[in-house]
Amino acid sequence: MRSDQIPSSKPDEADRELLSRPATSLITARKKGTGVRAWLLLDSTGQAQTVEVGKHAIMRRTGLPARDLRILDPLLSYPSTVLGRERAIVINLEHIKAIITAQEVLLLNSKDPSVTPFVEELQKRLTFHFHATKAQERNGDDTNWKTVYDSQLLKSSTESPEEFPERSLLGRDHEEGRKTDGRQSVENRDGSKVLPFEFVALEACLEAACSCLEIEAKTLEQEAHPALDKLTSKISTLNLERVRQIKSRLVAITGRVQKVRDELEHLLDDDEDMAEMYLTEKLVNLENSTASSFSNGDEMEDDPPEMDDRYRTLTSTTRSAMSKHLDVEELEMLLEAYFVQVDGTLNKLSALREYVDDTEDYINIMLDDKQNHLLRMGVMLTTATLFISFFIVLAGVFGMNIEIELFKEDVKQGMPKFLWTVGGGAMGTVFLFVGAIAWYKHKRLLE
């Protein structure tokens, strides 16, 4: 039986052996152009290791088709996506690009500085989850574990309060027991339980993505209000450019938040999609079915296609059983908590967008008012120019080189007539201008 083609009763050892192939095989894979990439593998104990494998090895390991792996391709632009498949959950949320199985997490861009805090937090949560479940499985006495767990969780929350502000659903007192339906869950005194492995990893991904969006939205809000207030007090090219940049960032962040919200809403509206994410339950059902086959005398053949057919048949049976009775309340509560968080972030951005729009309307009103003042001033200056032109015409007439009796008189005798002519023309011009302005206001052309 080949462990890289079929699930095994010990998937951790088989899959780790697949991803820990010698370097020579990796070099051969590169030569064949299989697209070898570095993945960060985190197992159920929280241990991390970097492995380099090709796309086909990941497909065999997780059971994902090639189109689902393209969603994680950093060279391609895909919207935020959370997909539940037969053996894995595909996560593409903001900077988080991961594949979650029932017992491990594969991260594609683990070297990204923005992903480093997420990796550290995820390791802590997986370690807590591992010790919590093991302590319950051994003797059901979690007194010592409870003390260590709570102290470590408190230390984790104090080290990075801004990066992961929400308390994980793992921070509870644990009691013994597994649910009879096969789901990996441990109940405590108040009836709460440890989430399955895949939900612990999924919660960490959702928390990292939602917290990242919330921090960006809060930062933008803190920058936007002073810039908008400064623009209303003084309209300048520099202030307008700052507001334009803030509005561009606001549109981009709003689109990202909206995509995450739509994806969570889509999952919450479809119980079958949520049921697909119960990987631990499906794995337990598969192991039980395999054990039943052995007890009935069935022999496991080494032919991979036949084993794949058996796995698909068992998975289809599990899906049919879950379809009849979809109990997805556990996952629904988890998704709903982060849906409320991202919806609150979207509401904050919507309020900020309305504030920006109101500021733009106020600026436009101010500009229109100034433009109206300029138009009124232009009308008054044009009217004044018109009547001054009448006076210029009068001066031009008297400035013509024509022989008339007025020019032949003595200076002393002609000066009074000159003054009456100039004064009368000026007064007439002023009178006509005032009359024109009064007529404009009477007709409400100047208000």
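Cut-off values and rules
- Residue indices begin from 1 for each chain and proceed along its sequence in written order.
- Only residues with pLDDT of 70 or above have their local features reported here, since the model is predicted, and side-chain atom pairs are shown and tallied only from 80 upward, although totals for entire chains, interfaces and linings are computed over all residues.
- Just so you know, side-chain values use all the structure's heavy atoms and leave hydrogens and water out.
- The pairing criterion is simple: DSSP has to find at least two bridges between the two strands.
- Each helix is a run of DSSP H or I of at least 4 residues and each strand a run of E of at least 2, with the numbering of both proceeding from the N terminus.
- Fitting a line to C-alpha atoms yields each axis, with helices limited to the stretch in contact; the angle taken between N-to-C directions then spans 0 to 180 degrees.
- Side-chain atoms within 4.5 Å link the members of a nonpolar core, which is a set of buried Ala, Val, Leu, Ile, Met, Phe, Trp, Tyr and Cys residues.
- Burial classes follow relative accessibility: with a 1.4 Å probe on protein chains only, a residue under 20% of its type's maximum area counts as buried, one over 50% as exposed, and anything between as partly exposed.
- Whether two residues are in contact is decided by their heavy atoms, any of which lying within 4.5 Å being enough.
- UniProt positions are given in the numbering used here, feature names are shortened, and annotations may be inferred rather than shown by experiment.
- For patch building, the residue pool is restricted to those with more than 30% relative accessible area and no salt bridge; the joining distance is 9 Å between like charges and 5 Å between nonpolar side chains (Val, Leu, Ile, Met, Phe, Trp, Tyr).
- Note on areas: Shrake-Rupley, 1.4 Å probe, and residue coverage restricted to the protein chains presented here.
- Think of a salt bridge as a Lys or Arg side-chain nitrogen and an Asp or Glu carboxyl oxygen that are within 4 Å of each other.
- Here the angle decides the label: under 35 degrees means roughly parallel, over 145 means roughly antiparallel, 65 to 115 means roughly perpendicular, and every other value means oblique.
- What makes a crossing left-handed is the near helix being turned counterclockwise from the far one by less than a right angle; a clockwise turn instead makes it right-handed.
- Three classes are used: nonpolar for Ala, Val, Leu, Ile, Met, Phe, Trp, Tyr, Cys and Pro, charged for Asp, Glu, Lys and Arg, and polar for all others, with Gly counted as polar.
- Multiplying one less than the number of residues by 1.5 Å gives the expected span of a helix.

Colleague: For this particular structure, what's the right way to read the sheet that holds strand β3 (residues 81-84)?
Modeller: One key point about sheets: their strands pair by backbone hydrogen bonds, in either a parallel or an antiparallel sense. One open sheet holds the six strands; their spatial order is β2-β1-β6-β5-β4-β3, and the pairing between them is antiparallel. Since the sheet does not close on itself, it has two edges, and those belong to β2 (48-53) and β3, each with one partner. Across this sheet, the average inter-strand angle for adjacent strands is 20°, counted without regard to direction. Pairing analysis gives three bridges linking strand β5 (residues 96-100) to strand β6 (residues 104-107), with the strands arranged antiparallel.

Colleague: Honestly, the nonpolar core in this entry has me stumped. Any pointers?
Modeller: One broad trend across soluble globular proteins is that nonpolar side chains are buried collectively. By size, the foremost hydrophobic cluster in this structure holds 63 residues, and its most contacted members are Ile91, Val105, Phe118, Leu202 and Leu335. Element by element, the count of residues in this core is highest for helix α7 (residues 197-233), at 18 residues. Ignoring anything within four residues of it in the chain, the contact list for Val105 reads Leu40, Leu41, Leu42, Ala98, Ile99, Ile100, Leu122, Phe197 and Ala201. Residues Leu69, Ala88, Val90 and Leu106 belong to the second largest nonpolar core, which totals 16 residues.

Colleague: What is the right way to read the UniProt feature "transmembrane region" (unreviewed entry) in the protein chain from this model?
Modeller: Feature annotation in UniProt assigns "transmembrane region" (unreviewed entry) to the following positions: residues 374-398 and 418-440. Across residues 374-398 one finds 100% helix and 0% strand; the C-alpha atoms that close the span lie 36 Å apart. Strand forms 0% of residues 418-440 and helix 100%; the C-alpha atoms that close the span are 33 Å apart.

Colleague: Honestly, a nonpolar patch on the surface in this entry has me stumped. Any pointers?
Modeller: On the surface, a nonpolar cluster with roughly 430 Å² of combined accessible area is contributed by Leu386, Phe390, Phe431 and Leu432. Taken together, the elements giving at least two residues each to the nonpolar patch come down to α12 (329-398) and α14 (411-442). Residue position: Leu432 is located in helix α14.

Colleague: In this structure, what is going on with the packing of α7 against helix α8 (residues 237-269)? I would like to understand it.
Modeller: A pair of packed helices can be characterised by two numbers: the angle between their axes and the separation between those axes. In the contact formed by α7 and α8, the axes pass within 10 Å of each other and the chain directions differ by 155°. The angle between the axes of α7 and α8 places the two elements in the roughly antiparallel class. Helix-helix and strand crossings are classified by hand; for α7 and α8 the assignment is left-handed. Contacts between α7 and α8 involve Leu206, Leu213, Glu216, Leu220, Glu223, Ala224, Ala227, Leu228, Lys230 and Leu231 from the first element and Asn239, Leu240, Arg242, Val243, Ile246, Arg249, Leu250, Ile253, Arg256, Val257, Val260 and Leu264 from the second. Split into classes, the residues belonging to the contact of α7 with α8 amount to 15 nonpolar, one polar and six charged.

Colleague: Quick question: what am I supposed to make of the pairing of β5 here?
Modeller: Successive side chains on a regular strand alternate, one facing one side of the sheet and the next facing the other. Where burial is concerned, most of β5 is hidden: five out of the five residues are buried. The side-chain alternation of β5 yields two buried faces, one formed by Ile96, Ala98 and Ile100 and the other by Lys97 and Ile99. Relative to β5, strand β4 (residues 89-93) runs antiparallel, the two sharing five bridges. When the bridges of β5 are listed, Val90 appears paired with Ile99. Between β4 and β5, which follow one another and run antiparallel, lie two residues, and Glu94 among them has a positive phi close to 55°. Following β5, the chain reverses through three residues before pairing antiparallel with β6.

Colleague: Would you mind going over the environment of His56 with me for this structure?
Modeller: Of note, His56 is situated in helix α3 (residues 55-62). Overall, the relative accessible area of 43% leaves His56 in the partly exposed class. With 21 residues separating them along the chain, His56 and Gly35 place their C-alpha atoms 8.9 Å apart.

Colleague: Would you mind showing me how to read the packing of helix α5 (residues 116-138) against α7 here?
Modeller: Following both chains from N to C, one finds α5 and α7 inclined at 155°, their axes separated by 10 Å at the closest point. The orientation of α5 relative to α7 falls into the category roughly antiparallel. Crossing geometry of α5 relative to α7 is assigned as right-handed. Touching Phe118, Leu122, Arg125, Leu126 and His129 of α5 are Phe197, Val200, Ala201, Glu203, Ala204, Cys205, Glu207 and Ala208, all from α7. Partitioning the contact of α5 with α7 into residue classes produces nine nonpolar, one polar and three charged.

Colleague: Which parts of the structure should I look at to understand the pairing of β3?
Modeller: Residues of β3 alternate between two faces, with Thr81 and Leu83 on one and Val82 and Gly84 on the opposite face, all of them buried. Where β3 folds back onto β4 in an antiparallel hairpin, the turn is made up of four residues.

Colleague: Help me understand α8 in this model?
Modeller: Residues separated by three or four positions in an α-helix point in the same direction, a consequence of the helix having 3.6 residues per turn. With 33 residues, α8 ought to run about 48 Å at 1.5 Å a step, and its terminal C-alpha atoms sit 47 Å apart, in line with that. Taken residue by residue, α8 has Asn239, Val243, Ile246, Leu250, Ile253, Val257, Val260, Arg261, Glu263, Leu264, Leu267 and Leu268 as its buried positions. Against the buried residues of α8 lie β3, β4, α7, α9 (271-275) and α12.

Colleague: What am I meant to see in the pattern of salt bridges here?
Modeller: A side chain with one charge may pair with a side chain of the opposite charge, provided their charged atoms come close. By the definition in use, this model includes 15 salt bridges. Glu276 is the salt-bridge partner of Lys282, the closest N and O atoms lying 3.1 Å from each other. Here the two residues Lys282 and Glu276 agree in accessibility, since each one is buried. Members of the salt-bridge network, linked through shared partners, are Arg261, Asp262, Glu265 and Asp343.

Colleague: What exactly am I supposed to notice about unusual backbone geometry here?
Modeller: When glycine is set aside, most residues are seen to have a negative phi, and most peptide bonds are trans. Positive phi outside glycine occurs at Glu94, with the angle close to 55°. One can find Glu94 in the loop between β4 and β5.

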